[in-house]
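Spelled out, the chains give:
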Amino acid sequence: MSKKTSSLGTPTVNISPRGASRLKDGHVWVYRSDIASADGVPPGSLVSVVDHRGERLGSALYSSSSQIAIRMISQEPVADLPALLRQRIANAIAYREPFVHDTSAYRVVFSEADFLPGLIVDRYNEILSMQILTQAMDAESVRAALVSELTERLKPGSIVERVDPRVRQLEELPPRSSGLVTGEKGSTIFTMNGVQFHFDALEGQKTGAFLDQRENYAAASQYAHGEALDVFCYQGGFALHLAPRCSHVTGVDSSRPALEVADKNAALNQQDIEWIEANAFDLLKDYAASGQRYGIVVLDPPAFAKSKRELDAALRGYKELNLRALKMLRPGGVLVTCSCSYHVGQPNFIEMLADAARDARRTLRVAEVRGQSRDHPILLNVPETSYLKCVIAVVSH
């Protein structure tokens, strides 16, 4: 069958009634199983999407290898993709201006939630850290437009690309190394909520730090008192925010490199924090058994559920952590408990916490139910953009 094209010369992809229904409900993804026809469509193309009746549904970015075959980019025909992406970057920057304060580090572009599917951009002071996650965003003309617009709008000292080799393999993109795209500076010091952090653009997880917790760090600090325990502390985000209000702070992580950065961050902020390299489950078990008591405990583990089938096991893991933490809190103590597993929904998470409180024989009063920082916006009809849960609760007895 020959390749079909739209009036603008873009290839056409036909999707199933189920895929069309998904788009009409407001989602922006179509899975490969719902592609009826994409004959001869080049990888990473801008395409026109039509349903089984030939009704045009909009314009999308096509991946020839990902299970997410279609990512919608506009409900209208797109004549100039680089120009559209430039405008979307300008819009993303403008969206954040009213509420991004007291920080020199924040998310500038959050993929689908900023209508720029497959692009993540974080700002760390004068350095921009960029991740490209799809075939379409990897095209040279698109890359050039993205870098040009980011440079013009934000005037960074450097732009660094962080590469996830697994993503490039799944997208069947050629291997590429993380490195400087523009400029020469790869490290800096940034500030969140008045707390300073070291940043090395080519080290650490994600694009460098957990910016989605920025507002939760500040919220948790308002409840801090007594002795504090920050479990899965990484480079010390929660611990450093708690330290000014606590008599003693202990941070726990299994990664020695992360703790080495955390120690440098503590010195930068003139805080004396105890760092322990340990398995969190083992340590909490030992501490709970030995009668350790705290005024505030933070649990910020990595994602336990990478897929829906891992949900039950993830909930068991979260329950074990929270049960042990609750047993270690004094009356009036505060639990700050988080989950970044998208597949663990907020109702699942709160039900797990209620079960843990009952089994620990502690009465919990929920002070705040929070999510990701507002620079990580949520699209109402794209539930995948909402992933972070943060509950702050007080033990009444």
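The structure contained in this document is the topic of the report that follows. These figures come from a predicted structure and were not determined experimentally.

## Some details on the sheet that holds strand S18 (residues 329-339)
Consideration 1: If you trace the seven strands from one edge of the open sheet to the other, you get S16-S15-S14-S17-S18-S20-S19, paired in mixed fashion. Since the sheet does not close on itself, it has two edges, and those belong to strand S16 (274-277) and strand S19 (364-370), each with one partner. The sheet shows a mean angle of 15 degrees between the axes of neighbouring strands, taken without regard to direction.
Consideration 2: As paired elements, S18 and strand S20 (residues 389-395) share six bridges and run antiparallel to each other. Bridged to Val336 within S20 is Ile392.
Consideration 3: The strands that helix H6 (residues 214-221) touches are strand S17 (294-299), S18, S19 and S20; relative to S19, the one it contacts most, it runs at about 150 degrees.

## Brief notes about helix H11 (residues 346-360)
Consideration 1: The terminal C-alpha atoms of H11 lie 21 Å apart, and with 15 residues this matches the ideal 21 Å at 1.5 Å per residue to within 8%.
Consideration 2: Of all the positions in H11, only Phe349, Met352, Leu353, Ala356, Ala357 and Ala360 are classed as buried. Taken around the axis of H11, the buried residues stretch over an arc of 135 degrees, which confines them to a single face. Away from its buried face, by an angle of more than 90 degrees, H11 presents the exposed residues Pro347, Glu351 and Arg358.
Consideration 3: For H11, the secondary structure elements touched by its buried residues are helix H10 (311-327), S18, S19 and S20.

## Quick word on the nonpolar core
A general feature of soluble globular proteins is that nonpolar side chains tend to end up buried together.
Consideration 1: By size, the foremost hydrophobic cluster in this structure holds 41 residues, and its most contacted members are Phe190, Leu242, Ile273, Trp275, Ile296 and Val336.
Consideration 2: Listing elements by their share of this core, those giving two or more residues are strand S12 (187-192), strand S13 (195-200), H6, helix H7 (237-242), helix H8 (256-268), S17, S18 and S20.
Consideration 3: What Ile296 contacts, discounting residues up to four positions off in sequence, is Ala220, Tyr223, Ala224, His225, Glu227, Ala228, Leu229, Leu242, Cys246, Leu329, Val334 and Val336.

## Digging into the packing of helix H2 (residues 81-96) against helix H4 (residues 140-154)
Consideration 1: Relative orientation of the contacting elements H2 and H4 amounts to 35 degrees, with a least axis distance of 9 Å. Crossing handedness for the pair H2 and H4: right-handed. Within the contact between the two elements, H2 uses Leu81, Pro82, Leu85, Arg86, Ile89, Ala90 and Ile93 and H4 uses Ser141, Val142, Ala145, Leu146, Ser148, Glu149, Leu150, Glu152, Arg153 and Leu154.
Consideration 2: When its residues are assigned to classes, the contact of H2 with H4 shows eleven nonpolar, two polar and four charged.

## Looking at empty space enclosed by the protein
The probe, sized like a water molecule, is rolled over the atoms to show the empty space still left.
Consideration 1: Counting across every chain of the model gives four cavities of 30 Å³ or more.
Consideration 2: By volume, the largest cavity amounts to about 130 Å³.
Consideration 3: Breaking the lining of the largest cavity down by element, the ones donating at least two residues are S12 and H7.
Consideration 4: Per-class residue counts for the lining of the largest cavity are ten nonpolar, three polar and two charged.
Consideration 5: Of the volumes computed, that of the second largest cavity is approximately 60 Å³.
Consideration 6: Together, Leu61, Tyr62, Ser63, Ile68, Ala69, Arg71, Thr134, Gln135, Ala136 and Glu171 line the second largest cavity.
Consideration 7: Counting residues per element, the ones that place at least two in the lining of the second largest cavity are strand S5 (56-62), strand S6 (68-74) and helix H3 (135-138).
Consideration 8: With three residues, the top contributor of residues to the lining of the second largest cavity is S6.
Consideration 9: Grouping the constituent residues of the lining of the second largest cavity by class yields five nonpolar, three polar and two charged.

Rules of the game
- Residues numbered from 1 in each chain as written.
- Predicted model: local features only at pLDDT ≥ 70, side-chain atom pairs only at ≥ 80, totals over all residues.
- Heavy atoms only, no water.
- Pairing = 2+ DSSP bridges.
- Helix = DSSP H or I, 4+ residues; strand = E, 2+ residues; numbered from the N terminus.
- Axes fitted to C-alpha atoms, helices over the stretch in contact; angles between N-to-C directions.
- Contact = heavy atoms within 4.5 Å.
- Expected span 1.5 Å × (residues − 1).
- Buried < 20%, exposed > 50% of the residue type's maximum accessible area, 1.4 Å probe, protein only.
- Arc of directions from axis to C-beta.
- Core = buried A, V, L, I, M, F, W, Y, C linked by side-chain atoms within 4.5 Å.
- Left-handed = near helix turned anticlockwise from the far one by under 90°.
- Nonpolar A, V, L, I, M, F, W, Y, C, P; charged D, E, K, R; others polar.
- 1 Å grid on protein atoms, 1.4 Å probe; cavity = no way out; pocket = protein on both sides within 12 Å on 5 of 7 lines; lining within 4 Å.
- Points joined across faces, edges and corners; volume = space filled by probe spheres on them.

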